[in-house]
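Now for the letters of each chain:
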Amino acid sequence: MSASAKRFVTSQLNNIGVTLNGTDPWDPQIHDDRLWARLLRDGTLGLGESYMDGWWDAEALDQFLFRLISANVQDAFPKDLAVMWSVAKGRLLNLQRLRVTEVGEKHYDIGNDLYAAMLDRRMIYSCGYWKDATDLDAAQEAKLDLICRKIGLAPGMRILDIGSGWGGFLQFAAERYGVSGLGVTVSKEQAALANERAKDLPVETRLLDYQALDGQFDRIISIGMFEHVGYKNYRAYFEKAASLLKPDGLFLLHSIGGHTSTTHGDPWSEKYIFPNGMLPSIAQIGKAIEGLFVMEDWHNFGADYDRTLMAWRDRFDAAWPRLESEKYDARFRRMWRYYLSVFAALFRARNISLWQVVLSPGGVPGGYQSIR
C-alpha cells in the first residue's frame, strides 16, 4: 500500500512541477514514509495533520500549497472519509445553531495576545484593501473607510456590527464619522477587549448571538462573520438583518465566498481552525436575500486576501519568540502557519473570493453609486 501510494502521490506532484525532496523552495521535504497512505486515506485533513506532526516540510509552504490548489490535485485523490463525514454533518445537523458559541471558544478566545501580535493596530481580522496601501495598517484603515463610504455614514447615525470582533470597525467609524454603534460577538475575549479599547467612544460590544438582537439601526455591517452562519441559516440571517434595518438604511455584507454552492466546510479547517465554518456561494446569497433586499453593489477583491494573510504570517513569525509558551507550542505554530499559508494559496489561486455586498430594503431612490 505504501509503495503504491507513494508512486501515485509522486506522479501527481511531478505533473505540476513539484519534486519530492527537490531543491526548489516549494518542493516538500519528506520526513516520514507513513505520509503516503495517510494522504490517500485522509485527503486534505491528512495533508494538514501530517504537516502539523512534522512528517513533511516546505520552505515556501504557501507556494507548494498554491501549486496543489491551482492544479486541483485533490480531485485526483479518492473520496476520503473525512470529506464524507463533513458532508453528512452538514446535511443532517445544524451545528451553527446547535453550537452557537463553539467558534468563539475554540478560535477567537484562544488568546488576545496572539491576535494583537498578528493583526494590525486596530486588530481587524479580515481582508485588507490594498489598492493604494503599502502596509497592513494602511490596508485595514483603507478597508474600514471604504465600508464607511459605501454605506454613506453621517454624524448621528446608529450602526450595528454583526460579528464585531475586537470592535475595530465601530471604533474607527465613531472616530472618523461621528456615529454611535453596537457590536455583537460570541467571543468573550473579543467583547472584553473591544469594550476596554472603546471606553471613551459611543460604541459598545455585547456578548450576544445575532438572533437575539432587537432595535432599529440606520446602517448594518457584518465583516467576516457570515462564514460561520451555515447554509441552513442564510435566510434566517438576512430576515433578522432586514427586521433590524430602517427602511432607508443600507446593509453591507463582507464575506469570503466560494465559487460553487456547498453544504459543508473543509475537514482540516473545520477541525482545527473554524468549527462548523462554510463558505457561501453567489447563488446561495442571492436566494437568501430574495424578497428581502435589493442588491445594490457586489465588489470582489479576493486577491487582496493573499497579501493580507501573508502579512499576518510574517507578523506571526516575527512575534513567535515572545508568543512561544505552553499554550502556543511547536505543533500550534505549525498548525497556525499552515492555516495562514493554505488560505493565502486558496485566494492566490482564485479558488475562493472576498465579497462586499451592499443591500438596501427597497432600492436606493435614483440608484446607488458604487464606490471603490
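This report concerns the structure included in the present document. (Residues numbered from 1 in each chain as written. Predicted model: local features only at pLDDT ≥ 70, side-chain atom pairs only at ≥ 80, totals over all residues. Heavy atoms only, no water.)

## As for helix H10 (residues 188-197)
So, step 1. Looking at H10, one finds that the buried residues are Gln 190, Ala 191, Leu 193 and Ala 194.
So, step 2. Tucked inside the fold, the buried residues of H10 contact helix H6 (102-108), helix H7 (112-118), helix H9 (168-177), strand S4 (180-185) and strand S5 (203-207). (Buried < 20%, exposed > 50% of the residue type's maximum accessible area, 1.4 Å probe, protein only. Helix = DSSP H or I, 4+ residues; strand = E, 2+ residues; numbered from the N terminus. Contact = heavy atoms within 4.5 Å.)

## Overview of the packing of aromatic side chains
So, step 1. Overall, the coordinates contain 32 aromatic pairs when judged by the stated rule.
So, step 2. Ring centres of Tyr 115 and Trp 166 lie 4.8 Å apart, and the angle between their planes is 45°; on these two criteria the pair is classed as tilted. Of this pair, Tyr 115 sits in helix H7 while Trp 166 sits in the loop between strand S3 (158-162) and H9, and the two are 51 residues apart along the sequence. For the residue pair Tyr 115 and Trp 166, the accessibility class agrees, reading buried in each case.
So, step 3. Plain terms: the ring middles of Phe 251 and Phe 293 are 5.8 Å apart, the flat faces sit at 50° to each other, and that makes the pair tilted. With Phe 251 in strand S7 (residues 245-258) and Phe 293 in the loop between helix H13 (282-289) and strand S8 (294-300), this pair connects stretches of sequence that are 42 residues apart. In terms of burial, Phe 251 and Phe 293 fall into one category: buried.
So, step 4. The aromatic ring of Trp 55 is capped on one face by Arg 38, whose charged end is 4.4 Å from the ring centroid. (Phe/Tyr/Trp six-rings, centres within 6.5 Å; stacked < 30°, edge-to-face > 60°. Lys NZ or Arg CZ within 6 Å of the ring centre and 35° of its normal.)

## Some words on the pattern of salt bridges
So, step 1. Tallied over the full model, the rule gives 24 salt bridges.
So, step 2. Two residues, Asp 218 and Lys 246, come together in a salt bridge whose shortest N-O distance is 3.1 Å. One end of the pair, Asp 218, is in strand S6 (residues 217-223); the other, Lys 246, is in strand S7, with 28 residues separating them in the sequence.
So, step 3. The partly exposed category is assigned to Lys 246, whose relative accessible area is 29%.
So, step 4. A salt bridge links Glu 239 to Arg 235, with the shortest nitrogen-to-oxygen separation between them at 3.4 Å. Placement of both Glu 239 and Arg 235 in helix H11 (residues 234-244) is noted, with a separation of four residues, approximately one turn of the helix.
So, step 5. The class for Glu 239 is partly exposed, based on a relative accessible area of 40%. (Salt bridge = Lys/Arg side-chain N within 4 Å of Asp/Glu carboxyl O.)

## Focus: the environment of Ala 349
So, step 1. Examined against the element boundaries, Ala 349 turns out to sit in the loop between helix H15 (330-348) and strand S9 (352-360).
So, step 2. We classify Ala 349 as partly exposed; its relative accessible area is 23%.
So, step 3. Between the alpha carbons of Ala 349 and Trp 268 there is a distance of 19 Å; along the sequence they are 81 residues apart.
So, step 4. Residues in contact with Ala 349, not counting those within four places in the same chain, are Phe 66, Ile 69 and Ser 70.

## Things to note about the pairing of S6
So, step 1. For S6, a buried count of seven out of seven residues is recorded, marking the element as mostly surrounded by other parts of the structure.
So, step 2. Sheet topology note: the S3/S6 ladder contains three bridges and is parallel. Within S6, the residue paired with Leu 160 across the bridge is Ile 220.
So, step 3. Since S6 and S7 lie parallel, the crossover through H11 that links them has a hand, and here it is right-handed. (Pairing = 2+ DSSP bridges. Right-handed = clockwise from strand over helix to strand, strands pointing away.)

## Re unusual backbone geometry
So, step 1. With phi around 55°, Asn 72 is a residue other than glycine that occupies positive phi space.
So, step 2. Relative to the helices and strands, Asn 72 is located in the loop between helix H3 (61-70) and helix H4 (81-92).

## A short note on the state of the cysteines
So, step 1. According to the stated counting rule, one finds zero disulfides in the structure shown.
So, step 2. The thiol of Cys 127 is not disulfide-bonded; the next cysteine sulfur, from Cys 148, is found 16 Å away.
So, step 3. Looking at Cys 148, the relative accessible area reads 1%, which means it is buried. (Disulfide = S-S within 2.5 Å.)

## A closer look at the packing of helix H2 (residues 35-52) against H15
So, step 1. Here H2 crosses H15 at 140°, and the two axes come no closer than 8 Å. When the axis of H2 is compared with that of H15, the two are oblique. The interaxial crossing formed by H2 with H15 has right-handed handedness. Across the interface between the two elements, Leu 47, Gly 48, Glu 49, Tyr 51 and Met 52 from H2 touch Arg 331, Arg 334, Met 335, Arg 337 and Tyr 338 from H15. (Axes fitted to C-alpha atoms, helices over the stretch in contact; angles between N-to-C directions. Parallel < 35°, antiparallel > 145°, perpendicular 65-115°, else oblique. Left-handed = near helix turned anticlockwise from the far one by under 90°.)

As far as function goes, none of this settles anything; it's purely spatial.
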